[in-house]
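Structural characterization, general
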Amino acid sequence: MDFELSDEQQAFAQAARDFAAGELAPHAARWDEEGIFPRETFAKAGELGFCGIYAPEHIGGLGLPRLDAALVFEEMAAVDPSTAAFLTIHNMVAWMVGTWGSDAILKEWGDGLVSGQQLASYCLTEPGAGSDAASLKTRALPNDKGYVLNGSKAFISGAGDTDLLLVMARTGGEGAAGISAFAVPANSPGITYGRLEKKMGWNSQSTRPITFENVQIPADHLLGREGEGFKLAMKGLDGGRINIATCSVGAAQGAYDVARTYMHEREQFGRPLASFQALQFKLADMVTHIVAARQMVRLAAHKLDSKDPQATAYCAMAKRLATDLCFQACLDAQQIHGGYGYLKDYPLERLVRDTRVHQILEGTNEVMRVIVARQILNKGVDLR
Ligand SMILES: Cc1cc2nc3c(=O)[nH]c(=O)nc-3n(C[C@H](O)[C@H](O)[C@H](O)COP(=O)(O)OP(=O)(O)OC[C@H]3O[C@@H](n4cnc5c(N)ncnc54)[C@H](O)[C@@H]3O)c2cc1C
């Protein structure tokens, strides 16, 4: 068992660190404050291959393992979890489209997605179907030109700013087996975008509801086969959960780095904060939890890459553990800064706001426990 990164992986992580320092760090606070979706920055990320890190090579993706993708996302999230997280969603959709898209879809969208010239949203959640996503009601009815889509989606990241929507819709009966996945051009007639949601964090990416009213989809825009959509959506989310967990690890590392420096600089009672054992212990726990979360995420990435049958459970465990531990680490870093941690002059309050949602989306952390519990109790699997 080798826990060390290869030279190539270290170089890849360094490239992401440089990109984060040059293209994200100087702007992250302003994008958050002004709610700017940095489209050109995604195109620049695309030039480095960061928009199709694990997308298959036949569409121009790098086809790299999830671990390599995690290295990139972690570096970016250390300075801007919101922008990094949108990049992860885009990568997830690029992988899904590249893996299950028809030739026509790949021809039309492959290049654009992996280059970051065109961006994608993942549309599963509906107003009445959140954690119970398999109860979704958006319907795609077949007609002579393909399918006609009607229904609505909620909380869609990037909606209104992206070019392609990956939409899960019902083509059959109730339950997961009646759901199919479609690649839908975001400007198709009949699509309307609702109001821009006002959020606690993740402000550099838009979140909007979407309504579909008699949207015509060509037959070859179906991903995989009819009735496979929920399965594909969940496969996408296995990797998505590693990505979100990684963004939490990155943010926590960023927060920890700032807090460690601050403990040497700030003096109270005539001594630097670093001399107070209570704060030393806090910092020690933070770094311990960050390292534990990172290793758990990398283990899950390895399970997914090696097609381990328990990969879904490992991804759920990693997502739950990393997003909980790392959110707490961001809070602790803020606490170490005292009142200054509450001010926007420092990045701590933004890192706290941005990582909070990681406990909620791509499956809430309660749902992550449901997945793990189902595996160990109902299926009797011994996860070791
Ligand atoms: C900023 C943001 C961006 C998002 N982006 C996207 C996106 O791009 N695409 C997309 O499809 N969705 C997206 N989502 C939606 C997100 O995935 C859902 O909000 C999430 O899955 C939870 O669904 P819900 O909000 O309907 O909560 P509900 O399902 O109503 O859950 C409410 C509470 O009940 C708990 N709960 C539910 N069922 C159970 C159970 N069986 N056992 C125990 N507890 C349970 C939940 O954990 C939660 O605490 C986004 C959400 C946010 C906030």
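This one's a predicted model, so the numbers in the text were calculated from it and none came from an experiment. Positions within a chain are numbered from 1, following the residues in the order the chain's sequence is written. In view of the model being predicted, local features appear only for residues whose pLDDT reaches at least 70, and side-chain atom pairs are presented and counted only at 80 or more, with totals across whole chains, interfaces and linings using the full set of residues. Hydrogens and water molecules were not included; the side-chain quantities draw on all heavy atoms of the structure.

**A look at the site of the ligand**
We call a residue near a molecule or strand whenever a single non-hydrogen atom of that residue lies within 4 Å of it. Close contacts around the ligand come from 16 residues, with Tyr122, Thr125, Ser131, Thr364 and Glu366 the closest. One of the backbone N or O atoms of Leu124 is found 2.9 Å from an oxygen atom in the ligand. One of the backbone nitrogen or oxygen atoms of Phe155 is found 2.8 Å away from a nitrogen atom of the ligand. In these tables, accessible area is a Shrake-Rupley quantity obtained with a 1.4 Å probe, and a residue counts as shielded only by the protein chains included in the view. When isolated, the ligand has an accessible area of 970 Å², and the protein chains bury 64% of it. Residue assignment for the shell around the ligand shows that the elements contributing at least two residues are β3 (146–157) and α11 (365–378). Helix and strand definitions follow DSSP, with helices as H or I runs of at least four residues and strands as E runs of at least two, each counted in order from the N terminus. The element best represented in the shell around the ligand is β3, accounting for 3 residues. A breakdown of the residues in the shell around the ligand according to their chemical character gives 8 nonpolar, 5 polar and 3 charged. For the domain bounds, the source is a domain assignment made automatically or taken from a database. Both domains that meet at the shell around the ligand, namely domain 2 (121–227) and domain 3 (230–378), each give it at least three residues. N or O atoms within 3.5 Å of each other form a polar contact, as long as, within protein, one can give a hydrogen and the other can take it, and as long as residues adjacent in sequence are counted only when both atoms are side-chain atoms. Residue polarity follows a fixed list, in which Ala, Val, Leu, Ile, Met, Phe, Trp, Tyr, Cys and Pro are nonpolar, Asp, Glu, Lys and Arg are charged, and the others, Gly among them, are polar.

**Quick word on α11**
Between its first and last C-alpha, α11 extends 19 Å over 14 residues, near the 20 Å set by a 1.5 Å rise per residue. Residue contacts are defined here by distance: any two heavy atoms, one from each residue, within 4.5 Å place the two residues in contact. Those residues of α11 that are buried lie in contact with α7 (229–265) and α9 (311–336). Phi turns positive, to about 65°, at Gly380, one or two residues after α11. Given the number of residues in a helix, its expected span is that number minus one, multiplied by 1.5 Å.

**Observations concerning the packing of α7 against helix α10 (residues 348–356)**
α10 packs onto α7 with a crossing angle of 160° between their chain directions and a minimal axis gap of 10 Å. When the axis of α7 is compared with that of α10, the two are roughly antiparallel. The way α7 lies across α10 gives a crossing that is left-handed. On α10, the residues touching Ser248, Ala251, Gly254, Ala255 and Val258 of α7 are Leu348, Leu351 and Thr355. Its residues assigned to classes, the contact of α7 with α10 comprises 5 nonpolar, 3 polar and no charged. Orientation is described by axes fitted as lines to C-alpha atoms, over the contacting stretch for helices, and by angles from 0 to 180 degrees between their N-to-C directions. Between 65 and 115 degrees an angle is taken as roughly perpendicular, under 35 as roughly parallel, over 145 as roughly antiparallel, and anywhere else as oblique. Helix crossings fall into two classes, left-handed where the near helix is turned counterclockwise from the far one by less than a right angle and right-handed where it is turned clockwise.

**Overview of the packing of aromatic side chains**
Each aromatic ring pair is specified by the distance between its two centres and by the angle formed by the two planes. Two aromatic rings from Phe, Tyr or Trp, using only the six-membered ring of Trp, form a pair when their centres are within 6.5 Å; if the ring planes differ by under 30 degrees the pair is stacked, by over 60 it is edge-to-face, and anything between is tilted. Counted under the stated rule, the structure contains 11 aromatic pairs. Here Tyr54 and Trp95 contribute two aromatic rings whose centre-to-centre distance is 6.1 Å and whose plane-to-plane angle is 50°, an arrangement assigned as tilted. On the criterion of sequence distance, the pair formed by Tyr54 in the loop between α3 (39–47) and α4 (66–77) and Trp95 in helix α5 (residues 81–100) is long-range, its members being 41 residues apart. We call a residue buried when its accessible area falls under 20% of the maximum for its residue type, exposed when it is over 50%, and partly exposed in between, using a 1.4 Å probe and counting protein chains only. With relative accessibility at 5%, the residue Tyr54 sits in the buried group. What links up through ring pairs into an aromatic cluster is the set Phe12, Phe19 and Phe50. When the NZ atom of lysine or the CZ atom of arginine is within 6 Å of a ring's centre and also within 35 degrees of its normal, the charge is said to sit over that ring. In this arrangement the basic side chain of Arg66 is found over the ring face of Trp95, its NZ or CZ atom lying 4.5 Å from the centre. Sitting above the plane of the Tyr314 ring, Lys303 keeps its charged end 4.6 Å from the centroid.

**Section: the layout of surface pockets**
The method works on a 1 Å grid over the protein atoms by themselves. A cavity is a set of points holding a 1.4 Å probe that cannot get out, a pocket is an open set with protein on both sides within 12 Å along at least five of seven lines, and residues with an atom within 4 Å of a point line them. Grid points are joined across faces, edges and corners, and a volume is the space filled by probe spheres set on the points. In this model, the second largest pocket occupies a volume close to 410 Å³. As for the second largest pocket, its lining consists of 14 residues, and the residues nearest its centre are Asp2, Phe3, Arg298, Leu299 and His302. Going through the elements one at a time, α4 and α8 (277–305) are the ones with two or more residues in the lining of the second largest pocket. With 5 residues, α8 is the single largest residue contributor to the lining of the second largest pocket. Grouping the constituent residues of the lining of the second largest pocket by class yields 6 nonpolar, 3 polar and 5 charged. Both domain 1 (7–118) and domain 3 (230–378) contribute no fewer than three residues apiece to the lining of the second largest pocket.

Keep in mind that these numbers describe shape and distance, not what the molecule does.
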